[in-house]
Amino acid sequence: MNIIITGKPGTGKTTLIKRIKNHLEEKGARIGGIFTPEIREGKKRTGFEIIDIMTGERGILAKKGAPGPRVGSYGVNLETIKRVGIPGIENATRSADYIIIDEVAPMELKDPNFLAKVEDALSSDKTVIAAFHRKLIQNVKNRKDVQIFKINPKNREIIYEKIKSIIEGK
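What you see is a predicted model, and the numbers here were worked out from it, not measured in a lab. (Residues numbered from 1 in each chain as written. Predicted model: local features only at pLDDT ≥ 70, side-chain atom pairs only at ≥ 80, totals over all residues. Heavy atoms only, no water.)

Re the packing of aromatic side chains
Piece 1. Scanning the entire structure with this criterion turns up 1 aromatic pair.
Piece 2. For the cation-ring pair, Lys-18 lies above Phe-35, with the distance from its terminal atom to the ring centre recorded as 5.6 Å.
Piece 3. Across from the ring centre of Tyr-160, 3.7 Å away, lies the NZ or CZ of Arg-19, which sits over that ring. (Phe/Tyr/Trp six-rings, centres within 6.5 Å; stacked < 30°, edge-to-face > 60°. Lys NZ or Arg CZ within 6 Å of the ring centre and 35° of its normal.)

Right, dumping it as structure tokens:
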């Protein structure tokens, strides 16, 4: 069973996935995949990084005003998706116990190979725990091997406990 978390920006998708990752690591699981944390300068978000969980390799995914395909005011770095994002998912699909993908969103999809690697991971024998941008959930909502959780500030803790129960087989 694959676990998909969606919701509006700022509702806690990444925080929830980090909590699940920490829980799995405490149980001794090998975790792979990617995180795409914000880059902030003071209180302003200026971009996003992409980090391979298994290797720690990182790069700039997007930056305000940078060259590259546009998502809003951000320029997306396709080279970083090819160098860090796609291999992070491929490596996790091969050798992790659980695959974390935070996040499947318009920036990552500027590389057409990215969604194919996400679909490969979802079709693997590994459990994928992924955050999906709310407008991209249609890409997976009809799969029989996914359970979708829509997070908001009021249900975050309930969803965390439900996902823990699923991954622990309860």
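Brief notes about a positive patch on the surface
Piece 1. A grouping of Lys-8, Arg-134, Lys-135 and Lys-150 is seen on the molecular surface, where their side chains present a positively charged patch.
Piece 2. Checked against the element boundaries, Lys-8 lands in the loop between strand E1 (2-6) and helix H1 (13-26). (Patch = residues over 30% accessible without salt bridge, like charges linked within 9 Å, V, L, I, M, F, W, Y side chains within 5 Å. Areas by Shrake-Rupley, 256 points an atom, 1.4 Å probe, with all protein chains shown as cover. Salt bridge = Lys/Arg side-chain N within 4 Å of Asp/Glu carboxyl O. Lys, Arg positive; Asp, Glu negative; His and termini not counted. Charge placed at Lys NZ, Arg CZ, Asp CG, Glu CD. Helix = DSSP H or I, 4+ residues; strand = E, 2+ residues; numbered from the N terminus.)

Some thoughts on the layout of surface pockets
Piece 1. Here the largest pocket is characterised by a volume of approximately 620 Å³.
Piece 2. Looking at the largest pocket, it is lined by 26 residues, and the ones nearest its centre are Pro-9, Glu-38, Arg-45, Phe-48 and Glu-103.
Piece 3. Broken down by secondary-structure element, the contributors of at least two residues to the lining of the largest pocket are H1, strand E4 (44-52) and strand E8 (98-104).
Piece 4. At 4 residues, the largest contribution of residues to the lining of the largest pocket is made by H1.
Piece 5. Taken together, the residues that form the lining of the largest pocket break down as 9 nonpolar, 9 polar and 8 charged. (1 Å grid on protein atoms, 1.4 Å probe; cavity = no way out; pocket = protein on both sides within 12 Å on 5 of 7 lines; lining within 4 Å. Points joined across faces, edges and corners; volume = space filled by probe spheres on them. Nonpolar A, V, L, I, M, F, W, Y, C, P; charged D, E, K, R; others polar.)

With respect to the nonpolar core
Piece 1. Core analysis: the largest hydrophobic core is formed by 31 residues, its most contacted members being Ile-4, Leu-61, Ile-101, Met-107, Phe-114, Val-118 and Phe-132.
Piece 2. Elements with a contribution of two residues or more to this core: E4, strand E5 (58-64), strand E7 (74-76), helix H2 (78-95), E8, helix H3 (112-123) and strand E9 (127-132).
Piece 3. Not counting residues up to four positions away in its chain, the partners in contact with Val-118 are Ile-89, Ile-101, Val-104 and Phe-132.
Piece 4. In terms of nonpolar packing, the next biggest core, distinct from the first, is built from 20 residues, Ile-17, Tyr-98, Tyr-160 and Ile-167 among them. (Core = buried A, V, L, I, M, F, W, Y, C linked by side-chain atoms within 4.5 Å. Buried < 20%, exposed > 50% of the residue type's maximum accessible area, 1.4 Å probe, protein only. Contact = heavy atoms within 4.5 Å.)

Description of H3
Piece 1. Counted at 1.5 Å a residue, the expected span for H3 with its 12 residues is 16 Å, and the 18 Å between its end C-alpha atoms agrees.
Piece 2. Along H3, the residues classified as buried are Phe-114, Leu-115, Val-118, Ala-121 and Leu-122. One side of H3 carries all its buried residues, which in axial view fall inside an arc of 115 degrees. Facing away from the buried side of H3, by more than 90 degrees, are the exposed residues Pro-112 and Ser-123.
Piece 3. Those residues of H3 that are buried are in contact with E1, strand E2 (31-35), H2, E8, E9 and strand E10 (146-150).
Piece 4. Where H3 begins, the side chain of Asp-111 points an oxygen toward the backbone nitrogen of Asn-113, at a separation of 2.7 Å. (Expected span 1.5 Å × (residues − 1). Arc of directions from axis to C-beta. Polar contact = N/O pair within 3.5 Å; in protein donor to acceptor, adjacent residues only side chain to side chain.)

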